[in-house]
Amino acid sequence: MSEAVKETKAQRVERLKRELNPWEAHAEIERFAREGWDSVPPEWLGTYFRWWGIYTQGDGAGAIGGKGGEGKAVRHFMVRIRIPNGVIEASQLRTIADLAEWHGRGIADITVRQNFQLHWVTLEGLPDVFRALWLQGVTTMGSCGDVTRNVTGCPVAGLEADELIDASPLVLEATRMLNGNPAFYNLPRKFKVSISGCRAWCTYPEINDIGLTATRHPAGGEIGFTVRVGGGLSTDPHLGVPLDAFVPPGRALAVVRAIAEVFRESDVLRQNRERARLKFLFLQHGWTAARFLAAIEERLGSPLPPGVPEDPPDDAYRDHVGIHPQQAPGTCYVGVAVLRGRLGAQQLRVAADLADRYGTGALRTTSMQNLVIPNVPTARAGALVRELEAADFVLDASPFRRGTVACTGTEFCKLALTETKGFARGLVEALEQRLPGFEQHLRINVTGCPNSCGQHWIADLGLEGKKIKVDGALVDAYYFCVGGAVGRHQAVARPIGLRLPATAVAPAIERLLRSFLGARRPTENFRQFAARHTDDELRALLAGELVEAVARDVAAERPPHGVDG
């Protein structure tokens, strides 16, 4: 008698998805809340909950606390709230503040996909959280799982004085088309879409599965979109592939749907959970831009106009921080830096109150984990800024405070190796003290594991969480990746062979930046400085001496479940 063949992880997840569309089983969550933790089967804890924006929360130790690359779970959840295009109203933000206070121990995080994320939510509290959000027209549906994640867009769409087109209606229509639609509940893995008319490319089209970016046709002057496909980071960073197509606004949704169908029907991507993103059609299965465009046009039933040249931005931030004019004369928007994206319940309420008093009750979240209040009379912007700063919101932020992004980390994530939120705050404060006059644009992205939820591959300085032994004890450490960029000078950051304890990171960055300030060429920015130095040279500048390169030490087949954005 032959021995039964054990299911692979991919086979198990694919079977579970065939057996149940979790979007049709919300009543089960209600039942679990009534009957208690022991009523929840493993397939819900490990798979189905995610379709409703729910992750099991880690115990604070991260992956080091468990087996197989995943840490221990506690009986609390991380709950992600979907905010399409980053558009939120004061009443909705107050509800999130209340939920943070009642169910989340007083905090909420803005993610790199413009969402809000709560922590410490109990099983019994899930129905109350859902109902409170639904009454405000907000949902958690589809913010996790093998579905289309939050569709991102420029947070000041329709307002920005310099935008090419207001693409926010397309973002909302794409959300309605894909989220909750049973035709798209079972994709091979997560699917990320960005649609923006912003000249700053603030939604990072380069790292999305679909990046639609507005451009002006040089011949007739009409506005349409360029399209990129297959962007993504994790352990195999891949910048999106531009297709030779100009997408008129009226065809944008059809193009998005066609790409989603190509992804859905790619059975080859369902064989391995770690190789299931759209980018692997290019990385492993021989697809080209021409083949992908042909697959789209076959579904559209007609060709798209050929592509046109783009004008990628040269700015490091893309964050909409500061006071900026709007289209309506005499109005502006005010963007503030939110260090590591973390806000307390009272800060959320203050932001909502100020949006009501100084604006129209509207707020926006950004892909840099920041917050924007639009529709402010320009004459009142100064008074608003003073009140924001009194509540610990920073407008005139240092490059370190403005340019630092951090993932969830071991505080709540089972996959992380290092604590990131507190580390990021301490790093920023240390660099502000060590380099008080530093004014160059700089992105520092902190991620707690190789999965790159903190997007370290596109940072000037990318810090990837590790563990090392110091005096016989395991401590948090970070591996340095240098020179990442998107836009005009796009490049994946270079792993330079240096791994340091977390406590040594700030002094190392200070050494590097002092060397940059002392040796940079006229008008040279950090990206250009890094590009003309070898890995060995950068490693020596960071370490303060010549040191041997060390490997990144990526665990084989580490499961990149990802709790990003």
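The phi dihedral of Trp201 is positive, around 50°, even though this residue is not glycine. Residue position: Trp201 is located in the loop between strand S6 (193-196) and strand S7 (210-216). Unlike most non-glycine residues, Asn375 shows phi in positive territory, near 60°. With respect to the element layout, Asn375 can be found in strand S14 (residues 371-377).

Moving on: the sheet that holds strand S16 (residues 444-447). Pairing in this open sheet of 5 strands is mixed, and the strands run S15-S16-S17-S18-S19 from one edge to the other. Each having just a single partner strand, strand S15 (404-406) and strand S19 (494-501) make up the two edges of the open sheet. Taken pair by pair, the neighbouring strands of this sheet meet at an average axis angle of 25°, ignoring direction. Sheet topology places S15 next to S16; 3 bridges connect them, and they run parallel. Within S16, the position partnered with Ala406 by the bridge is Val446. The strands touched by helix H16 (residues 535-543) within the sheet are strand S18 (473-482) and S19, with S19 carrying the most contacts at an inclination of about 20°.

This part covers the nonpolar core. Within the largest apolar cluster, 61 residues are counted, with the highest numbers of intra-cluster contacts made by Phe49 and Phe116. Counting residues per element, this core draws most heavily on helix H10 (residues 345-358), at 7 residues. Discounting residues that sit within four places of it in the chain, Phe116 has contacts with Val79, Arg80, Ile81, Ile83, Ile88, Leu93, Ile96, Ala108, Asp109, Ile110, Leu348 and Thr365. Formed by 43 residues, the second largest nonpolar core is a distinct cluster that contains Ala214, Ile223, Trp287 and Ile296.

With that settled, the discussion passes to the environment of Tyr479. Mapping Tyr479 onto the fold places it in strand S18. Non-local contacts of Tyr479, meaning those with residues more than four positions away in its chain, are made with Gly462, Leu463, Glu464, Lys466, Pro495, Ile496, Gly497, Leu498, Arg499, Val550, Ala551 and Arg552. Within polar-contact distance, the side chain of Tyr479 engages the backbone oxygen of Val550 at 3.1 Å.

The 5 strands are arranged S1-S2-S5-S4-S12 in an open sheet whose pairing can be described as antiparallel. The open sheet has two edge strands with one neighbour each: strand S1 (54-58) and strand S12 (342-344). Recorded for the sheet is a direction-independent mean angle of 35° between the axes of neighbouring strands. Strand direction decides the pairing type here: strand S4 (residues 107-110) and strand S5 (residues 116-121), joined by 3 bridges, are antiparallel. Its bridge partner lying in S5, Ala108 is registered against Leu118.

Tallying each qualifying case throughout the model produces 18 aromatic pairs. Where Phe191 meets Phe263, the ring centres are 5.2 Å apart and the plane angle is 20°; that geometry is what we call stacked. Taken together, the positions of Phe191 in the loop between helix H6 (168-178) and S6 and Phe263 in helix H7 (residues 252-264) put the pair 72 residues apart, joining distant regions of the chain. Under the relative-accessibility criterion, Phe263 is labelled buried at 0%. Between the aromatic rings of Phe516 and Phe526, the centroid separation amounts to 5.6 Å while the plane-to-plane angle is 85°, which identifies the pairing as edge-to-face. Taken as a pair, Phe516 in helix H14 (residues 505-519) and Phe526 in helix H15 (residues 526-531) lie far apart in primary sequence, 10 residues in all. Neither residue differs from the other here; Phe516 and Phe526 are each classed as buried. Put simply, the rings of Phe32, Trp37, Trp44, Tyr48, Phe49 and Phe77 pair up and form one aromatic cluster. Over the ring of Trp120 we find Arg105, and its NZ or CZ is 3.6 Å from the ring centre.

Thresholds applied
- Residues numbered from 1 in each chain as written.
- Predicted model: local features only at pLDDT ≥ 70, side-chain atom pairs only at ≥ 80, totals over all residues.
- Heavy atoms only, no water.
- Helix = DSSP H or I, 4+ residues; strand = E, 2+ residues; numbered from the N terminus.
- Pairing = 2+ DSSP bridges.
- Axes fitted to C-alpha atoms, helices over the stretch in contact; angles between N-to-C directions.
- Contact = heavy atoms within 4.5 Å.
- Core = buried A, V, L, I, M, F, W, Y, C linked by side-chain atoms within 4.5 Å.
- Buried < 20%, exposed > 50% of the residue type's maximum accessible area, 1.4 Å probe, protein only.
- Polar contact = N/O pair within 3.5 Å; in protein donor to acceptor, adjacent residues only side chain to side chain.
- Phe/Tyr/Trp six-rings, centres within 6.5 Å; stacked < 30°, edge-to-face > 60°.
- Lys NZ or Arg CZ within 6 Å of the ring centre and 35° of its normal.

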